[in-house]
Amino acid sequence: MPMTTHAATRSAPSRDREIIETDVSARLDRLPWGRFHTLVVLALGITWILDGLEVTLAGALAGALRDSPTLRFSNAEIGLATSSYLAGAVLGAVGFGWLTDRLGRKKLFFVTLAVYLAATAATGFSWDLWSFCLFRFLTGAGIGGEYTAINSTIQELIPARARGWTDLVINGSFWLGAVLGAGASLIVLDPSLFGPDHGWRAAFLLGAALGLVILLLRTWIPESPRWLMTHGRAAEAEAVVAGIEARFRAEGHVLSEGPFRTARLRQRRHTPLSEVFRTLARYRRRAGVGLALMSAQAFFYNAIFFTYGLILIDFYKVPAGAVGWYILPFAAGNFFGPVVLGRLFDTLGRKPMIAATYGISGVLLALSGVLFQQEALTATTLTLSWMTVFFFASAAASSAYLTVSEVFPLEIRALAIAVFYAIGTGIGAAGPALFGVLIEGQSRSAILGGYLAASALMIAAGIVAGIWGVAAERRSLEEVATPLAAAE
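The sections below set out a description of the structure shown in this document. (Residues numbered from 1 in each chain as written. Predicted model: local features only at pLDDT ≥ 70, side-chain atom pairs only at ≥ 80, totals over all residues. Heavy atoms only, no water.)

## Points about the packing of aromatic side chains
The geometry of an aromatic ring pair is captured by two quantities: the separation of the ring centres and the angle between the planes. Quick reminder of the rule: Only the six-membered ring of Trp is used, alongside the rings of Phe and Tyr, when aromatic pairs are assigned; centres must lie within 6.5 Å, and planes under 30 degrees apart are stacked while those over 60 apart are edge-to-face, with the rest tilted. Helix numbers and strand numbers start at the N terminus; a helix is a DSSP run of H or I with at least 4 residues, a strand a run of E with at least 2. When a residue's accessible area, from a 1.4 Å probe over protein chains only, is under 20% of the maximum for its type it is buried; when over 50% it is exposed; and in between it is partly exposed.
This structure, assessed with the given rule, holds 20 aromatic pairs. Ring centres of Phe73 and Phe132 lie 5.4 Å apart, and the angle between their planes is 75 degrees; on these two criteria the pair is classed as edge-to-face. Of this pair, Phe73 sits in the loop between α3 (62-67) and α4 (75-103) while Phe132 sits in helix α6 (residues 129-157), and the two are 59 residues apart along the sequence. Owing to a relative accessible area of 4%, Phe73 belongs among the buried residues under this scheme. The interplanar angle of 20 degrees and the centroid separation of 5.5 Å between the aromatic rings of Phe408 and Phe420 together place this pair among those described as stacked. With Phe408 in the loop between α17 (379-406) and α18 (413-428) and Phe420 in helix α18, this pair connects stretches of sequence that are 12 residues apart. Judged by relative accessible area, Phe420 falls into the buried class, the value being 4%.

Structure representation (structure tokens):
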């Protein structure tokens, strides 16, 4: 039957009136790219810009935190503060991830942003190590929750044929935040503009101001129709999709009228945790791949990027206020990696591209680590080397988030993202503290050992994905993983 803007979701001709038949997913996947998708990416994808801002400020402000008359942190204490942020992200991802699957995507991406706003503003008023660590922990909790709510929403609104490239570019936008953070650090660390105990405070207040703008941008984003249709709210899902289609037609797009592939779903309000864990066990091969990818990239990034400023200051005598100049080109390489390589994840496929980007970045890091240990690199050539390494590593890390957000059933998607993000980040949280201690010891050989460990993890994860990964390119989410509510 041709489908236009009338209700295409209906009760099945069955004695069980809790079963519906719906074409909502197929209608979303058949949409051309339009202004709606662009606005979704801008309003939700800006989360990664926030995270990039926070992470870069933490690295670029390392020298300022050591020189602060109030804080006077050591390298090890800076590493502890960074690990506090990551620990918060772990717990925030799990807690908010469970709530995202239970209460809805839209509610949670407002709650998590509010937590971030309050905590990052409070960081600017820290008075000692423990208050700083507490506020960084809460900031991380907000960002961790954002990852789960936003990743699941974007996956469920973007057409299947563009899902890979879009997800990689959005995750890569982390590095636009890094550029913003690096640029801001050059201003707030300028002694002619801010005192030694005021610049770093202003930097964290900048993040809160940006968050307020984002809060306004999100007001028009609809709830995920895919979430609605599996939580007993089929009529609302139909209304949201009909509204999106009306928007496209008003902009001059001609949409195919169907009929479309339908799905039979059993309505329910939530998914019990016992079923969540049984489902993860049933998908244990996919779970193993997701764990390998998330853990490797988290340790790789957290260990290296969070301590980049300390390497430049301690080994190359770069002034603390000038660290931002070195982060700018490094961030550019990270951003352009997913942009340039992202299309290949939808054309060549997930498995070969994930394996290639993980393997190449691991090998290149090992080579640059050896050159660092041999004192063959200057601050400039080290930055150029890492630009090359992270051109590939950024695409690899983004593909980890893509993988865990598309290979599990819709009902547990946010929690699955949270679990693997939490486990991976929990492992990665040891990186900054470990490298802080290694840098404190001033041994290039010890630091090389840390680089080689990160390199080995990346190469191993690439092999795992190449063998056991899922070819999810250009396939609907329901085809990649059948919803738990699917009725026979």
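Having seen it, we continue.
## Examining unusual backbone geometry
Residues other than glycine seldom take positive phi values, yet Lys317 does so here, at roughly 55 degrees. Tracing the chain through its elements places Lys317 in the loop between α14 (308-316) and α15 (323-347). Its identity as a non-glycine residue notwithstanding, Arg474 has a phi of 60 degrees, on the positive side. Of note, Arg474 is situated in the loop between α20 (444-468) and α21 (477-480).

## A short note on the pattern of salt bridges
To be explicit about the condition: For this analysis, a salt bridge means a side-chain nitrogen from Lys or Arg found within 4 Å of a carboxyl oxygen belonging to Asp or Glu.
Applying the stated criterion across every chain, the model contains 16 salt bridges. Here Glu245 and Arg30 are joined by a salt bridge, their closest N and O atoms 2.7 Å apart. With Glu245 in helix α11 (residues 234-250) and Arg30 in the loop between α1 (24-29) and α2 (35-60), this residue pair connects regions lying 215 residues apart in the sequence. The same class applies to Glu245 and to Arg30, which are both buried. Notably, a salt bridge pairs Arg233 with Glu236, separated by 2.9 Å at the nearest N-O pair. Looking at Arg233, the relative accessible area reads 25%, which means it is partly exposed. By relative accessible area, Glu236 is classed as partly exposed at 37%.

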